[in-house]
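Below, each chain spelled out in residue letters.
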Amino acid sequence: MPLDQSFEQQAKQLKVELTRFMMAYRFALDEVETKVKILKEEFHLIHEYNPIEHINTRLKSPESIIAKIQKRQIPLDLVSIKENIQDIAGIRITYSFESDIYRIQEMICKQEDLKVVKIKDYIQQPKESGYRSLHLILQVPVFLSDRTENVYVEMQIRTIAMDFWASLEHKIYYKYNKDIPAYLSNQLVEAAHTAALLDKKMEKLNEEVNILKNQQEDAVYDYRSLQTTKLFAALQQIAIPSSKEE
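On a predicted model such as this, the values are computed, not experimentally measured, just so you know.

**Student:** Explain the pairing of strand β2 (residues 89-95) to me, please; I cannot follow it from the model alone.
**Tutor:** Looking along a regular strand, one sees side chains alternate from face to face of the sheet. Summarising burial for β2: 6 of the 7 residues are buried, a large majority. As paired elements, strand β1 (residues 52-59) and β2 share 7 bridges and run antiparallel to each other. If you follow Leu59 over to β2, its bridge partner there is Ala89. Bridge count between β2 and strand β5 (residues 148-159): 7 bridges; the pairing is parallel. In the strand pairing of β5, Gly90 is matched with Glu154.

**Student:** Would you mind going over the nonpolar core with me for this structure?
**Tutor:** Among the nonpolar cores identified, the biggest contains 39 residues, and Ile108 and Met155 are the most heavily contacted of them. Of all elements in the fold, only α1 (3-47), α2 (62-72), β2, α4 (98-109), β4 (134-143) and β5 reach the threshold of two or more residues within this core. Among the elements that make up this core, the one with the highest residue count is α1 (12 residues). Leaving out residues up to four positions away in the same chain, Ile108 has contacts with Val36, Leu39, Leu114, Leu136, Leu138 and Met155. Counting 9 residues, the second-largest nonpolar core is a separate cluster that includes Trp165, Ile180, Leu188 and Ala192.

**Student:** Before we go on, may I ask you to explain helix α5 (residues 160-175) in this structure?
**Tutor:** Helix length check: α5, at 16 residues, gives a terminal C-alpha distance of 23 Å against a target of 22 Å (1.5 Å per residue), a fit within 8%. Residues of α5 that are buried include every one of Ala161, Met162, Trp165, Ala166, Glu169 and Ile172, and no others. In a view along the axis of α5, the buried residues occupy a sector of 130°, so they form one face of it. Opposite the packed face of α5, turned more than 90 degrees from it, sit the exposed residues Phe164, Lys171 and Lys175. With its phi angle positive at about 55°, Asn177 sits one or two positions after the end of α5.

**Student:** Got a minute to help me understand the confidence of the model for the protein chain in this structure?
**Tutor:** Predicted coordinates in areas of low pLDDT are best not read in detail. Summary statistics for the protein chain give a mean pLDDT of 85 and a share of 85% for residues scoring 70 or more. Predicted confidence is poor over residues 242-246, with pLDDT under 50, and the contacts of this stretch with residues over four places away or in other chains come to 6 contacts.

So, how was this worked out
Residues numbered from 1 in each chain as written. Predicted model: local features only at pLDDT ≥ 70, side-chain atom pairs only at ≥ 80, totals over all residues. Heavy atoms only, no water. Buried < 20%, exposed > 50% of the residue type's maximum accessible area, 1.4 Å probe, protein only. Helix = DSSP H or I, 4+ residues; strand = E, 2+ residues; numbered from the N terminus. Pairing = 2+ DSSP bridges. Core = buried A, V, L, I, M, F, W, Y, C linked by side-chain atoms within 4.5 Å. Contact = heavy atoms within 4.5 Å. Expected span 1.5 Å × (residues − 1). Arc of directions from axis to C-beta. pLDDT = per-residue confidence, 0-100.

Right, here's the structure in full:
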């Protein structure tokens, strides 16, 4: 039997098995998404500030996984696929400000049932193309009826500006079949620098807004304290017992 035909038959069988295999990844992705949504809700209700703008999840299709197997020459078995392809399940979280990224990273890393396998910080060390984002590879336990599966989930954390740039680069990358003209590559790098400057500018503006907000809250508190003191003094002068005297 020709080698290509043999591989094609193995690939078809693998696709059927992958359907079952993918179930664990779907559940792992649901778990991580729930954790992020809980953090988002907590920030909204308790801290009166929600740093999370968008949450997107995705699972690689069986066809995409098989293509990656061929490209990287990974053995055609599920154990090898599980250990060598760590981005089958992915979640992307978009934030307003760069500082929020590291705050959430710290919270995710403290979750006792999640194991952080790998961290790639493309914010501190951007790719040559200009790409900036924080990538975490998480190992998530999925509790099934007869066993526990430890599944990898890739988490990408970035600002709105980083996400906009990455989306544009992705479109250009595939439009030119991964062979981007030099002049476009140079413009993308320049745009990445501009996006980074925008992130820093917006972060600084947000810090100034927070300072003004805190000053206003302090002024309101001082005013209310003063009014309470005046009211208490007035009650004493007209001999109306206050609640403290009672």
